[in-house]
Amino acid sequence: MTRLTDVEVSSELRICQGDIFEKIRYIEKVVKTDEEINVIESEFPLVIVLTQDCDLAQDYTNRIEVSNNKDKKLISAIVAPLYNYEQFTKGDHLLDEKNIKMRKLDSSTEKGFIKNNQLPRYHYLEFPLEAGFIPSVIDFKHYFCVDIELLTESKSEKCQYKIKAMHRELISQRFANFLSRIGLPSPATVQIQESVAQIT
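Residues numbered from 1 in each chain as written. Predicted model: local features only at pLDDT ≥ 70, side-chain atom pairs only at ≥ 80, totals over all residues. Heavy atoms only, no water.

### Section: the pattern of salt bridges
Right, so step 1: Taken as a whole, this structure holds 15 salt bridges when the rule is applied.
Right, so step 2: We note a salt bridge from Asp 59 to Arg 63, for which the minimum N-O separation is 2.8 Å. You can see Asp 59 and its partner Arg 63 sitting in helix 1 (residues 53–64), 4 residues apart, about one turn around the helix.
Right, so step 3: When its relative accessible area of 2% is taken as the criterion, Asp 59 is described as buried.
Right, so step 4: The class for Arg 63 is partly exposed, based on a relative accessible area of 26%.
Right, so step 5: With its nearest N and O atoms 2.8 Å apart, the salt bridge here joins Arg 121 to Asp 139. Here Arg 121, found in the loop between helix 4 (108–115) and strand 6 (122–125), pairs with Asp 139, found in strand 7 (residues 136–139); they are 18 residues apart in sequence, far enough to count as distant.
Right, so step 6: For Arg 121, a relative accessible area of 22% translates into the label partly exposed.
Right, so step 7: Residue classification places Asp 139 among the buried positions, given a relative accessible area of 2%.
Right, so step 8: A single network of salt bridges, built from pairs that share partners, joins Arg 14, Asp 53, Arg 168 and Glu 169. (Salt bridge = Lys/Arg side-chain N within 4 Å of Asp/Glu carboxyl O. Helix = DSSP H or I, 4+ residues; strand = E, 2+ residues; numbered from the N terminus. Buried < 20%, exposed > 50% of the residue type's maximum accessible area, 1.4 Å probe, protein only.)

Structure (structure tokens):
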């Protein structure tokens, strides 16, 4: 049986690791012409803050204290979307925002691996009923940065809950492990490299 992801009320003024924000926009690009500036963006229903909590705490302190040294100030916070699990298994989780169809999961075995967090790329979360969140999946390939001041200004409106320390540390560790994995070349790349080596 899947263990529930423990959450608690996010009462701090500052941004915290594990904060769950609603309706966060991601700016994809800005297109400037002679007549106008077009901002192309997506809005994700839910995102989780992945930046380390110690860095976020130091950033907050550094911003409010009077000092000429702003060495601890962060430029942005790393977040990742929380995808609706049912939409995710159908490959529909990016259809609304980006009109992208993803791979459908037909295998019950693969669904089981995801629910048990046995695939390094994904992290499955199932929340207590009182939190009001549906079962979700984080895809560690899909992360982006959001301005910290923007998050701070919208926190009281868009962030009610955060994931408790034990679970957020597990997510952080899995995210770090996924990003630090050793990228192995594809067989085609190896074959090309070997061919070039023989020529030279």
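Having seen the structure, we can now continue with the description.
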